[in-house]
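Here is what each chain is made of, one letter per residue.
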Amino acid sequence: MGGSGVDDVAGRVLAAAVGGTEIANIYLGDRLGLYRVLADKGPLTSAELALAAGCDERYTREWLQGQVVSGFVGTTGDDLTVAEFALADGAREVFVDELSPSYMAPLGTAMASAGAMLPALLDAFRTGAGVPYSAYPAGVSAQAALNRPAYANDLIPTWLPAIPGLVERLSDAGQPAVVADLGCGAGWSTIEIARAYPHTRVTGYDGDPASIEEALRHAADEGLADRVAFHRHDLAEPLAQGGVDVAFMFECLHDMGYPDRVLRTARRALGDGGSLIVMDEAVDETLVPASDDIVQRFFANMSPLWCLPQGRDAADMDPVGTVMRPAKLRQLAEAAGFAGTEVLPIEHPFFRFYRLTT
Ligand SMILES: C[S@@+](CC[C@H](N)C(=O)[O-])C[C@H]1O[C@@H](n2cnc3c(N)ncnc32)[C@H](O)[C@@H]1O
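Residues numbered from 1 in each chain as written. Predicted model: local features only at pLDDT ≥ 70, side-chain atom pairs only at ≥ 80, totals over all residues. Heavy atoms only, no water.

In the nomenclature of an unreviewed UniProt entry, the protein corresponds to SAM-dependent methyltransferase from the organism Allocatelliglobosispora scoriae.

Our next topic: the pattern of salt bridges. If you walk through the whole model with that rule in mind, you get eleven salt bridges. Among the salt bridges present, the one from Glu57 reaches Arg61, with a minimum N-O distance of 2.9 Å. Note that Glu57 and Arg61 are positioned in helix α4 (residues 57–70) at a spacing of four residues, about one turn of the helix. With a relative accessible area of 17%, Arg61 lands in the buried category. (Salt bridge = Lys/Arg side-chain N within 4 Å of Asp/Glu carboxyl O. Helix = DSSP H or I, 4+ residues; strand = E, 2+ residues; numbered from the N terminus. Buried < 20%, exposed > 50% of the residue type's maximum accessible area, 1.4 Å probe, protein only.)

Next up on the list: the UniProt feature "domain: Methyltransferase" (unreviewed entry) in the protein. The feature "domain: Methyltransferase" (unreviewed entry), as given by UniProt, occupies residues 178–299 in the numbering adopted here. Overall, residues 178–299 shows 32% helix and 29% strand. The separation of its end C-alpha atoms is 33 Å. (UniProt positions renumbered as here; feature names shortened; annotations may be inferred.)

Here the focus is the site of the ligand. Near the ligand lie 19 residues; those nearest to it are Asn147, Tyr151, Gly183, Asp206 and Phe250. The backbone of Gly183 places a nitrogen or oxygen atom 2.7 Å from a nitrogen atom of the ligand. In this structure, a nitrogen atom belonging to the ligand sits 2.8 Å away from a main-chain N or O atom of Phe250. In isolation the ligand exposes 590 Å². Once the protein is present, 89% of that is buried. In terms of residue class, the shell around the ligand is made up of seven nonpolar, seven polar and five charged. (Near = heavy atom within 4 Å. Polar contact = N/O pair within 3.5 Å; in protein donor to acceptor, adjacent residues only side chain to side chain. Areas by Shrake-Rupley, 256 points an atom, 1.4 Å probe, with all protein chains shown as cover. Nonpolar A, V, L, I, M, F, W, Y, C, P; charged D, E, K, R; others polar.)

A word on helix α13 (residues 294–302). Those residues of α13 lying buried are Val295, Gln296, Phe299 and Met302. Buried residues of α13, viewed axially, fall in a sector of 140°; they line one side. In α13, those exposed residues whose orientation departs by more than 90 degrees from the buried face are Ile294 and Asn301. Buried residues in α13 make contact with α6 (106–116), β8 (270–281) and α14 (307–310). Where α13 begins, the side chain of Asp293 points an oxygen toward the backbone nitrogen of Val295, at a separation of 2.9 Å. (Arc of directions from axis to C-beta. Contact = heavy atoms within 4.5 Å.)

As a further point, take the domain arrangement of the protein. As far as domains go, the protein holds domain 1 (4–96) and domain 2 (112–357). Here the C-alpha centroids of domain 1 and domain 2 sit 33 Å apart. (Domains from an automatic or database assignment.)

Taken as a whole and judged by the stated rule, the model has nine aromatic pairs. Ring geometry for Tyr35 and Trp63: centres 5.2 Å apart, planes at 65°, overall edge-to-face. Of this pair, Tyr35 sits in helix α2 (residues 34–41) while Trp63 sits in helix α4, and the two are 28 residues apart along the sequence. Taking the relative accessible area as the measure of exposure, Tyr35 reaches 1% and is therefore buried. Its relative accessible area of 6% is what places Trp63 among the buried residues. For the pair Phe72 and Phe95, a centre-to-centre distance of 5.4 Å together with 70° between the ring planes defines the contact as edge-to-face. Of this pair, Phe72 sits in the loop between α4 and β2 (73–75) while Phe95 is found in helix α5 (residues 91–95), placing the two residues 23 residues apart along the sequence. Here Phe72 and Phe95 have matching classes, each one buried. Directly above the ring of Trp188 sits Arg148, whose terminal nitrogen or CZ lies 3.8 Å from the centroid. Sitting above the plane of the Tyr258 ring, Arg261 keeps its charged end 4.2 Å from the centroid. (Phe/Tyr/Trp six-rings, centres within 6.5 Å; stacked < 30°, edge-to-face > 60°. Lys NZ or Arg CZ within 6 Å of the ring centre and 35° of its normal.)

Further remarks concern the sheet that holds β2. If you walk across this open sheet you meet the three strands as β1-β3-β2, and the pairing is antiparallel. Both outer strands of the open sheet, β1 (44–45) and β2, are each paired with one neighbouring strand and no more. As paired elements, β2 and strand β3 (residues 84–87) share three bridges and run antiparallel to each other. Opposite Val73, over in β3, you have Leu87 as the bridge partner. Sheet strands in contact with α2 are β1, β2 and β3, and its direction is about 100° off that of β3. Where α4 meets the sheet, its contacts fall on β2 and β3, and the angle it forms with β2 comes to roughly 100°. (Pairing = 2+ DSSP bridges. Axes fitted to C-alpha atoms, helices over the stretch in contact; angles between N-to-C directions.)

This is the structure we're talking about:
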């Protein structure tokens, strides 16, 4: 190998290639139900797993070999034709348990979805055009499944109580709070708020019809269809003025094609004294070259594949992209007429929380 710079770059590229192969096999294992069958019925031989999952034994055995080498599956021996296989310790939470805080299987679907869009991205890079969210295969369900565990586990018991005065406002039965979940996607955050605070009037808004359809279905499945409303609405266009006490934007502001107009929509919808809570990526405050922080590398590299193209549906759109630094949000908030922006005392490996005050 060459000098240390060459070795460093080559090492990063090799690690990326390994990650690419592993995430593709995670996609296969998730979508084919291989992890679930192993979790429910393991230990199994490759033939038993293939039969139970409706797959070909030879492909299944080859997949198992990779899973064992990567440490996701354990085995009883090195003759793969007769060995038995079971999920490694911790793998059930990561690959199968949809509400586990460690659930990451949908990353396989998200990365496969981004991969399927690479031909469109070649064109987009050349022309500057966008690639709409609706074109990404299974994009909505992957996005929803990735964030759902955090809403189910953290939103109500941990995040909201860390925001001064918020729980008191949401719990006030005498003056029921009007809550707007802007960019609600498939609605899991909206649903958790409605479930926890029955006096509130909670409405989720999203511009994507498929997301609103999923949100309505989730609310019905959870028995909350009468307690929460969902509307398709392009948030670059105004909502009714005033009347909203608390608005949320969960991991969506950086995706918006017109973040300035969307924040003006939020500011206008909030009554005086209302707050907008923004959850967005916990990106570094400034650019860190050659970062060893894998989360920062994920954010920065996901942006041209997912967030930026999805926010560029029209020529004059100017989305921030995945890397929305705190200084950028402060600038956008001030321009939209918010009186203040504070970073909230909520620690999370992926997200930073802000309160924008009116
Ligand atoms: C990354 S997803 C987050 C969804 C959801 N909050 C969650 O945490 O799963 C971003 C969402 O913003 C929505 N969105 C983007 N631009 C929008 C706009 N102009 N008006 C309304 N929704 C928009 C997308 O449709 C998508 O559902």
